[in-house]
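Geometric and topological summary
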Amino acid sequence: MARPTNITLCSFCGKSHAEVRKMIGKMSRPRVYSRPRVYICDNCITVGTDLLEEELSAEMRQSIPKTVLCSFCGRSHAEGLKLFAGRGKFICNNCITLCKSVLDRELSAEMAT
Ligand SMILES: [Zn+2]
Ligand SMILES: [Zn+2]
């Protein structure tokens, strides 16, 4: 098996795998399998979760075009999802909740050892 040659960077803040505690990769769904890999770090998950729990302001809604798709699940803003933006990538409230639960599980597994 070939090792990945490029360093994994968080798609939202640009930090490398070495600089953050955890990095959660995109879930492999056939529908979006051919898209570029996207990663989100534990920091961005925390920030994004807080942001997406709040209702987006009208200003923020307008700043995200309807054509923008969640980089994780490929669904659009127009489907009623809330999107958190960073460095040209987006994550919706559904996906960030999923990432948060994966993160929590991994962190508590680490603490148990
Ligand atoms: Zn990040
Ligand atoms: Zn999504």
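Use the structure listed above.
Just so it is clear, the model here is predicted, and its values are computed rather than measured.

**Re the overall build of the chain**
The helix and strand tally for the chain stands at three helices and four strands. Listed N to C, the secondary structure of the chain is β-β-α-α-β-β-α in terms of helices and strands. Out of the 113 residues in the chain, the part that is buried amounts to 25%. Summarising the internal contacts of the chain: among those between residues at least 6 apart in sequence, 48% fall at separations of at least 24.

**Things to note about the pairing of strand E3 (residues 83-86)**
Within a regular strand, side chains alternate between the sheet's two faces. The pairing of E3 with strand E4 (residues 89-92) spans four bridges and is classified as antiparallel. Following the sheet pairing, Phe 84 is matched in E4 by Ile 91. Taking the residues between adjacent antiparallel strands as the criterion, E3 and E4 are bridged by two residues, where Arg 87 takes a positive phi near 45°.

**What about unusual backbone geometry?**
Non-glycine residue Arg 87 carries a positive phi angle of around 45°. As for its placement among the helices and strands, Arg 87 is situated in the loop between E3 and E4.

What counts and what doesn't
Residues numbered from 1 in each chain as written. Chains lettered and ligands numbered in written order. Predicted model: local features only at pLDDT ≥ 70, side-chain atom pairs only at ≥ 80, totals over all residues. Helix = DSSP H or I, 4+ residues; strand = E, 2+ residues; numbered from the N terminus. Buried ≥ 20, exposed ≤ 12 C-beta atoms within 10 Å, placed from the backbone. Contact = placed C-beta atoms within 7 Å. Pairing = 2+ DSSP bridges.

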